[in-house]
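Inside the fold
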Amino acid sequence: MLSAMSEPELDFIAGATATEIADSVERAVRQARLAPGDRLPTIRQLGLRLGVSPTTVAAAYGRLRARGVVTARGRGGTAIAGRPPLPVAGQPAYLPPGVRDLTHGGPDPALLPPLDPALERVDRRHRLYGEDPVLPELAALATAQLEADGVPVAGVAVVGGALDGVERILQAHLRPGDRVAVDDPGFAPALDLIRAFGLRPEPVPVDDDGPLPDGLAGALAAGCGAFVTTLRAQNPTGAAATPARAAELRRVLDAHPGVVVVEDDHAGPVAGAPAVTLGGDRPAWAHVRSVSKWLGPDLRLAVLTGDPGTVARVQGRQLVGTGWVSHVLQDLAVAMWSAPGRTALLEEGRETYRRRREALAAALAARGVRAHARSGLNVWVPVADEGTVSRRLLDAGWAVLAGDRFRLRSQPAIRVTVSTLDVADAPRLAGDIEAATAPPRRTRLA
Ligand SMILES: Cc1ncc(COP(=O)(O)O)c(C=O)c1O
């Protein structure tokens, strides 16, 4: 919801040049004087107040848009983005004591491999500059896993997590202002990243079997340079693309050879659904496989493969920047990835997440509440009013996410992370969700 601010309150937006005006808005966001959704004055209003031309204000807003600080809201004007790429002063979000946190989207730490024995195995030598950016042992493990999943591997880059990989692929192919087809609903930080890069997201609707081919065709017809998708453990819906759906999507993509396909496989072997790829023989594609959900998010590590040109651009750009992902972390990932008992632990992770998802989905179904829970760590529950439902659930002791940050044109819902949900608690949670979605009593009696 946009909140309108009266002009005097916006005195801190000031300056005589586009740079000064843009800087004043950015400063106000950092200082939390402007919040996500706040509307900026119209170009005309601000130009009149500051005594500058509309072109100067338009240039300032254009810069802010290219940096993802503001978004255009059509006739609604220009507003602060849902998540501007800036640190914001103020209190960190906290949960009242006793509230169960089902907001985080992360793995259950109890299902990650133990760090201690893996740290014991890490190579203690200091490595300097000039070594191979990818540890050969990690490349070998990644190649074996990806190829076993049907993802062809012509080369491997190591990046700082799935989102870092997505960002690097987009940077290798796109320019600010380009359009990007993206799952809707989709992973909120991926949408934030797309906007922060000044790209324009084009929604591709998703059902339980993955992105809808007609929706993809519609988005690509708008002239997209990339398609960013999560084909299993989709966040937030849990969708998992079937082979049949993947074949349909490939047919749609065949008509758009210039589109780079970006597969964000953030959950890997604990996704709870087989891997699917749309790449392989496309001119430009990449598959990013993070270790965050099955070795640990703090490793900040993902492997990336794709067509040789894309992998080379990512590696080349990395070489002139950060250079490589720390070999200490790569070595730690190898130690965890190849640790004794790893296969059993992955199986346990996959099964535990499946039980937790299904327990909640079944308990909701028993109450007539529809939910999406095909794979992954989250359950997506369509509701009429996501803000009200999440607030009522907080009062009942459960923190869940209202779905607005995950949506472009799709319908309201809440996202419930089930990765740490005790199966025994599922019926009580489902009951509280049902109660929270009930219309206010007054309406029912009317
Ligand atoms: C779809 C999706 N992509 C990326 C990530 C983050 O992955 P990473 O930690 O590798 O950046 C997540 C985390 O939940 C996710 O759900």
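For the structure itself, consult the block above.
Procedures and definitions
Residues numbered from 1 in each chain as written. Predicted model: local features only at pLDDT ≥ 70, side-chain atom pairs only at ≥ 80, totals over all residues. Heavy atoms only, no water. Helix = DSSP H or I, 4+ residues; strand = E, 2+ residues; numbered from the N terminus. Rg over C-alpha atoms; globule rule 2.2 N^0.38 Å. Buried < 20%, exposed > 50% of the residue type's maximum accessible area, 1.4 Å probe, protein only. Contact = heavy atoms within 4.5 Å. Areas by Shrake-Rupley, 256 points an atom, 1.4 Å probe, with all protein chains shown as cover. Lys, Arg positive; Asp, Glu negative; His and termini not counted. Charge placed at Lys NZ, Arg CZ, Asp CG, Glu CD. Expected span 1.5 Å × (residues − 1). Pairing = 2+ DSSP bridges. Right-handed = clockwise from strand over helix to strand, strands pointing away. Phe/Tyr/Trp six-rings, centres within 6.5 Å; stacked < 30°, edge-to-face > 60°. Near = heavy atom within 4 Å. Polar contact = N/O pair within 3.5 Å; in protein donor to acceptor, adjacent residues only side chain to side chain. Nonpolar A, V, L, I, M, F, W, Y, C, P; charged D, E, K, R; others polar. Core = buried A, V, L, I, M, F, W, Y, C linked by side-chain atoms within 4.5 Å. Arc of directions from axis to C-beta.

Notes on the overall build of the chain
- When you go through the chain residue by residue, the secondary structure sums to 15 helices and 15 strands.
- Against the globule reference of 22 Å for 446 residues, the chain gives a C-alpha radius of gyration of 23 Å, in line with a compact fold.
- Its C-alpha atoms put the chain at 70 × 65 × 45 Å along the principal axes.
- Burial statistics for the chain: of 446 residues in total, 51% are counted as buried.
- Taking as baseline every contact in the chain between residues at least 6 positions apart, the subset at least 24 positions apart corresponds to 74%.
- As displayed, the chain offers around 20000 Å² of accessible surface, 55% of which is attributable to carbon and sulfur atoms.
- When the 51 positive and 49 negative side-chain charges of the chain are each reduced to one mean point, those points stand 5 Å apart.

What about helix 12 (residues 342–366)?
- Between its first and last C-alpha atoms helix 12 spans 36 Å; for 25 residues at 1.5 Å apiece the expected length is 36 Å, and the two agree.
- After helix 12 finishes, the residue G368 shows a positive phi value of roughly 80°.

Looking at the sheet that holds strand 14 (residues 401–402)
- Sheet architecture is open: three strands sit in the order 12-15-14, paired in antiparallel fashion. The open sheet has two free edges, formed respectively by strand 12 (378–382) and strand 14, since each of these has just one partner strand.
- Relative to strand 15 (residues 413–417), strand 12 runs antiparallel, the two being bridged by five bridges. For V381, the partnering residue across the bridge sits in strand 15 and is I414.

Some words on the pairing of strand 8 (residues 224–229)
- Summarising burial for strand 8: six of the six residues are buried, a large majority.
- In this structure, strand 5 (residues 179–184) lies alongside strand 8, joined through four bridges in parallel fashion. Following the sheet pairing, V182 is matched in strand 8 by V228.
- The parallel pair strand 8 and strand 9 (residues 260–265) is bridged by helix 9 (residues 243–254), and the resulting crossover is right-handed.

Regarding the packing of aromatic side chains
- For the structure on display, the rule yields three aromatic pairs.
- A ring pair is formed by Y129 and W324, whose centres lie 6.0 Å apart and whose planes are at 90°; its orientation type is edge-to-face. Pair noted here: Y129 is in the loop between helix 4 (115–120) and helix 5 (136–148) and W324 is in the loop between helix 10 (308–319) and helix 11 (327–337), with a separation of 195 residues, a long-range link.
- A relative accessible area of 75% means that Y129 is categorised as exposed.
- Accessibility expressed as a relative area gives 28% for W324, which makes it partly exposed.
- Residues W294 and W337 carry aromatic rings whose centres are separated by 4.8 Å and whose planes lie at 85° to one another, so their mutual orientation is edge-to-face. Of the two residues, W294 sits in the loop between strand 10 (285–290) and strand 11 (302–306) while W337 sits in helix 11, which places them 43 residues apart along the sequence.

What to know about the pairing of strand 5
- In terms of burial, strand 5 is largely enclosed, as five of its six residues are buried.
- Both strand 5 and strand 6 (residues 200–207) contribute to a ladder of six bridges, which runs parallel. Bridge assignment links V182 to a residue of strand 6, and that residue is P203.
- Remark: the strand 5/helix 7 (residues 188–196)/strand 6 crossover connection has right-handed handedness.

Notes on the site of the ligand
- In the region of the ligand, 13 residues are neighbours, and A162, D264, S290, S292 and R300 sit closest.
- Separating a nitrogen atom of the ligand from a side-chain N or O atom of D264 is a distance of 2.5 Å.
- At 2.6 Å, a side-chain N or O of S290 approaches an oxygen atom of the ligand.
- Relative to its free-state accessible area of 400 Å², the ligand is covered by the protein chains to the extent of 92%.
- Split into classes, the residues belonging to the shell around the ligand amount to three nonpolar, seven polar and three charged.

Points about the nonpolar core
- The biggest cluster of nonpolar side chains holds 48 residues, and the ones touching the most others in it are L138 and L216.
- Elements with a minimum of two residues in this core: helix 5, helix 8 (213–221), strand 8, helix 9, helix 11 and helix 12.
- By residue number, the principal contributor to this core is helix 11, which donates six residues.
- When near neighbours in sequence (up to four residues on either side) are disregarded, L138 contacts V158, L301, V303, Q330, A333, V334 and W337.
- A162, I194, A302 and L304 belong to the second-largest nonpolar core, a separate cluster that totals 25 residues.

Observations concerning helix 5
- For helix 5, spanning 13 residues, the distance from its first C-alpha to its last is 18 Å, which sits close to the expected 18 Å at 1.5 Å a residue.
- For helix 5, the full list of buried residues reads L138, A139, A142, Q145 and L146. Mapping the buried residues of helix 5 onto a view down its axis gives an arc of 140°, with all of them on the same face. Those residues of helix 5 that are exposed and angled more than 90 degrees off the buried face are P136 and A148.
- Its buried side turned inward, helix 5 meets strand 4 (157–159), strand 10, strand 11, helix 11 and helix 12.
- Downstream of helix 5 by a residue or two, G150 has a phi angle that is positive, lying close to 85°.

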